[in-house]
Amino acid sequence: MILITGAQGQIGIDLADALVAKYGDGKVVVTDLRIPEVLRKGRIYDVLDVTYMESVKKLLNAHDIDTIFHLAGILSATGERHPELAWNVNVNGVRNILEAAQLSGCRVFWPSSIAVFGPTTPRHNTPQETVTEPGTMYGATKVTGELLCKFHATHHNLDVRSVRFPGIISHAAPPGGGTTDWAVDMFLQAVRTGHYNCFVREDTRMPMMYMPDAVKSVIDLMAADNEGISVRTSYNLTAFSFSAGELAASIKKRMPDFTCSYKPDFRQDIADSWPESINDSRARRDWNWEPQFDLEMMVDDMLENVAKKPFPSEL
Ligand code: SER
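Caption draft 1: How the structure looks around the pattern of salt bridges. Considering all chains together, one arrives at 20 salt bridges under this definition. Between Glu276 and Arg123 there is a salt bridge, with the nearest N and O atoms lying 3.6 Å from each other. Taken as a pair, Glu276 in the loop between α9 (267–272) and α10 (281–287) and Arg123 in the loop between β5 (107–113) and α5 (137–156) lie far apart in primary sequence, 153 residues in all. Glu276 sits in the buried class, given a relative accessible area of 17%. The exposure class assigned to Arg123 is partly exposed, which follows from its relative accessible area of 27%. Here Arg161 ties to Asp159 by a salt bridge, and the two come within 2.8 Å at their closest N and O atoms. Under the relative-accessibility criterion, Asp159 is labelled buried at 16%. A network of salt bridges, in which partner residues are shared, links Arg107, Asp159, Arg161 and Arg232.

In C-alpha cells form, the structure reads like this:
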C-alpha cells in the first residue's frame, strides 16, 4: 500500500491521480490534516498530522504501508511568516517519516527544493554539489531534511529518494504560500480577469516545471534501480526557466487583451536569492530524467485547462 502525506496540496492531488491510474483503486492512502469535502475516486482517505510520531507509526501499521510519498510541508512565503511552524512541520515531519519508515521497512520519496540554495550559490546552471546557505527558514528546513535523508540512507540503508523541485505550475490545485506561485497565479488571473498584478519584478527569472513532468519525475525516480542512485541528499531538477515578463508575453500572444503590472513584495528578496537556472545532469544520467513539456507547450496546456475551470477549489 502507498501513503501520500499532504495529499491535498498542489503536488498531492496530481500525484495521487497518477498513482491510482498506475496501481489501481484502493491502493493509495491519501492523508492530510482533514478529509476534503469532495472525495475523488480510487483513494482511501485518512487524517494524519506528521508532527506526531505515534500517529505516523499507527497509520503505517493500520494500512500496511510499504511506500511513502511524504509531501506534507509549509512553503517558503508562509515559512517566512511562521518560521516555528515551518520548522515543526518540515523538519519534525520528515524526521518522523524517516524513522517510522525505517521501523516498518518502507521506501520514501520526499521533495526538496531550489530553496536549499541562497545568495552565495552560483545562480546560473547551479551545480548538483554547491553552496547550500539559504536565507529563508524554508530553505533551512529543506537543507536539514536533505541531510536527514542522507543520514538514514547511509547509516540505516533506508531507500529514500528526493528531488529539488523548481517552481511547479499546475491547474488542478492552486499552490499555497510559495514564492514561485506568481507563475500559476498569472494564468488564473489572465483567464478570470484579463489582468495580473505580479508580486515579483518583470525581469525575475526562475527555474520551473509543468506538473505532468513533476509527477513523471517522482514516478521515474522511485522506479529506478537502487544501485544507480548516486545522490542521497536530493537531485537537482528542472524543465525550463523564464522571467515574469516572458511568461506575461507568452500569455499575451494567445490572449492579446491580457495586461500585467508588477508590484514586488517581500517575496522578491526570496526569489532573488534562488537560482535562475539549474544543472540537472546527474538526474539525467542516473535515472534518465527528461522533461516532456517546454514553455510553449505548458502555456497552451495551462490556458486550455484553466479556461475549463477558472476557479479551482481553494485548498
Ligand atoms: N515552490 C516553492 C516555493 O515557492 C519552492 O519549493 O516555496
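Caption draft 2: How the structure looks around the state of the cysteines. Applying the stated rule across the entire model yields 0 disulfides. Here Cys106 is not disulfide-linked; the sulfur of Cys149 is the nearest cysteine sulfur, at 14 Å. Of the residues examined, Cys149 reaches a relative accessible area of 0% and is grouped as buried.

Caption draft 3: Representation of the sheet that holds strand β4 (residues 67–70) within the structure. Pairing is parallel across the open sheet formed by 7 strands, whose spatial order is β3-β2-β1-β4-β5-β6-β10. Both edges of this open sheet fall to β3 (43–47) and β10 (235–236), since each of them pairs with a single strand only. In the sheet, strand β6 (residues 160–165) pairs with β10 via 2 bridges, with the strands oriented parallel. Across the sheet, the residue bridging to Arg164 is Asn236, located in β10. Strands β1 (2–5), β2 (28–32), β3 and β4 of the sheet are contacted by helix α2 (residues 53–63), whose axis makes an angle of about 155 degrees with β3. Each of β4, β5, β6 and β10 touches helix α7 (residues 211–223); the most contacted strand, β6, lies at about 155 degrees to it.

About the thresholds
- Residues numbered from 1 in each chain as written.
- Predicted model: local features only at pLDDT ≥ 70, side-chain atom pairs only at ≥ 80, totals over all residues.
- Heavy atoms only, no water.
- Salt bridge = Lys/Arg side-chain N within 4 Å of Asp/Glu carboxyl O.
- Helix = DSSP H or I, 4+ residues; strand = E, 2+ residues; numbered from the N terminus.
- Buried < 20%, exposed > 50% of the residue type's maximum accessible area, 1.4 Å probe, protein only.
- Disulfide = S-S within 2.5 Å.
- Pairing = 2+ DSSP bridges.
- Contact = heavy atoms within 4.5 Å.
- Axes fitted to C-alpha atoms, helices over the stretch in contact; angles between N-to-C directions.

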